[in-house]
Amino acid sequence: MKNFLTSLILLFSLTTSAQTSQPAFQLEDIKANVRQLLASEKIQDQAWAAYYIGKFRWTEFTPEFTKMLARGDDGSFLHRAALDALIQLNTVVKAEKLLLHFERFPNQVVILLALDPIGNEQTFLSLLDLRQSNEPWLALCNLLVRLRSKGLASRLLSELYISVSIVVAEKWNHERGGGPGAFSCDPAIIAVPPGLPPIVEYGITDIEQKGAVVLAVGRHNVYSLRNEQQGDVAYIGGGGCLPYEKIARYRVAYLSELLGTTPKKLNFPATPSYRIVWNGAQDYRRDVFRIRREIRKSYGHLLNRLIEAKMLTRQEADSLSPKIGLQINDIRKDQSISLPKI
């Protein structure tokens, strides 16, 4: 059985041969080496085999990846290599085999599930309930909107937090308060044991950029990105980069798509803004109650439209209520009288 050094020599030959007109190995010789690596009990050898198979799109080896995904792997390096190969082979895999790896590899699993959207509709809905990072969520929602899935609207609404920004001043002016919420998308750094092939990480984004591949089409397309890294460390993950305000707007945008309209015509802002002119505590309370009443009325109107469109059941609607949060920004010059608590 060839050891890791043989694998590395083979990789070097394959890489350099791609830059010349004559390959260093005949195709069958390369496949013979891959078969030997697949027969090895060593995780590193099998990971190299998966890397080659994906690199050269050898679909005849696809059944081997089911075994790899079922095999124990302390560092998940083999599972990562197997998922990468399956993605490059454009292989449809049964959901139950992929879901075992969703917690560690949500992006890869969603990319593979997206190859069979009709067959995986219920799986998409169940994954929305797991509250993973934002990027897979975007892809799942795009896929479910395309399917006009009956369970999507209730899930979008149940997690919708309506953040209301209220600016209080003595008179109207152009000052603005507040700002976007903080968020973090720093990736983790993992040590890569010697003898492994390049580590491949997948990202999901709503931003079109070089190397991005359309994953789920929609009013805002969602893309996948493949990042192959070599060396003794790799930068992994870092999901959840989208600020809440953007996610809330996406929720409303998806609801508008289910209703066949646009967010502007829907007239239901996810993060509404108001200004209150300070005329004393009593008027302030009345204005805040009016704002809340307007939002509840608008929310109820939205539920009725979704029910009429058969995107929401009456039972689902009865279980929902608007989650309203007030962000008060007091920009009065004279704050000798505190704003009443609401």
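Undergrad: Looking at this structure, how should I read the packing of helix α8 (residues 121–128) against helix α9 (residues 134–147)?
TA: When two helices pack together, their arrangement is given by the angle between the helix axes and the distance between those axes. Viewed as axis vectors pointing N to C, α8 and α9 meet at an angle of 140 degrees, and their least axial separation amounts to 10 Å. What the angle tells us is that α8 and α9 run oblique. Between α8 and α9 lies a crossing of left-handed hand. Residues Glu121, Phe124, Leu125, Leu127 and Leu128 of α8 form the contact with α9, whose own contacting residues are Trp137, Leu140, Cys141, Leu143, Leu144 and Leu147. Partitioned by chemical class, the residues of the contact of α8 with α9 number 10 nonpolar, no polar and one charged.

Undergrad: What's the story with a nonpolar patch on the surface in this structure? I'm lost.
TA: Taken together, the side chains of Ile189, Val233 and Tyr235 define a hydrophobic patch exposed on the protein surface, amounting to about 290 Å² of accessible area. With respect to the helices, strands and loops of the structure, Tyr235 is situated in strand β6 (residues 233–236). Assessed through its relative accessible area of 45%, Tyr235 is described here as partly exposed.

Undergrad: I keep staring at the sheet that holds strand β3 (residues 199–205) and nothing clicks. Help me out?
TA: Adjacent strands of a sheet pair through backbone hydrogen bonds, lying either parallel or antiparallel. Reading across the sheet, the three strands line up as β3-β5-β4 and stay open at both edges, with antiparallel pairing between neighbours. Two strands close off the open sheet at either side, each with one partner strand: β3 and β4 (213–216). For this sheet the average axis-to-axis angle between neighbouring strands, irrespective of direction, equals 35 degrees. As judged from the seven bridges shared by β3 and strand β5 (residues 222–229), these two strands associate in the antiparallel manner. Across the sheet, residue Tyr202 finds its bridge partner in β5, namely Arg226. Relative to β3, helix α5 (residues 77–88) is tilted by about 60 degrees, and along the sheet it contacts β3 and β5.

About the criteria used
- Residues numbered from 1 in each chain as written.
- Predicted model: local features only at pLDDT ≥ 70, side-chain atom pairs only at ≥ 80, totals over all residues.
- Heavy atoms only, no water.
- Axes fitted to C-alpha atoms, helices over the stretch in contact; angles between N-to-C directions.
- Helix = DSSP H or I, 4+ residues; strand = E, 2+ residues; numbered from the N terminus.
- Parallel < 35°, antiparallel > 145°, perpendicular 65-115°, else oblique.
- Left-handed = near helix turned anticlockwise from the far one by under 90°.
- Contact = heavy atoms within 4.5 Å.
- Nonpolar A, V, L, I, M, F, W, Y, C, P; charged D, E, K, R; others polar.
- Patch = residues over 30% accessible without salt bridge, like charges linked within 9 Å, V, L, I, M, F, W, Y side chains within 5 Å.
- Areas by Shrake-Rupley, 256 points an atom, 1.4 Å probe, with all protein chains shown as cover.
- Salt bridge = Lys/Arg side-chain N within 4 Å of Asp/Glu carboxyl O.
- Buried < 20%, exposed > 50% of the residue type's maximum accessible area, 1.4 Å probe, protein only.
- Pairing = 2+ DSSP bridges.

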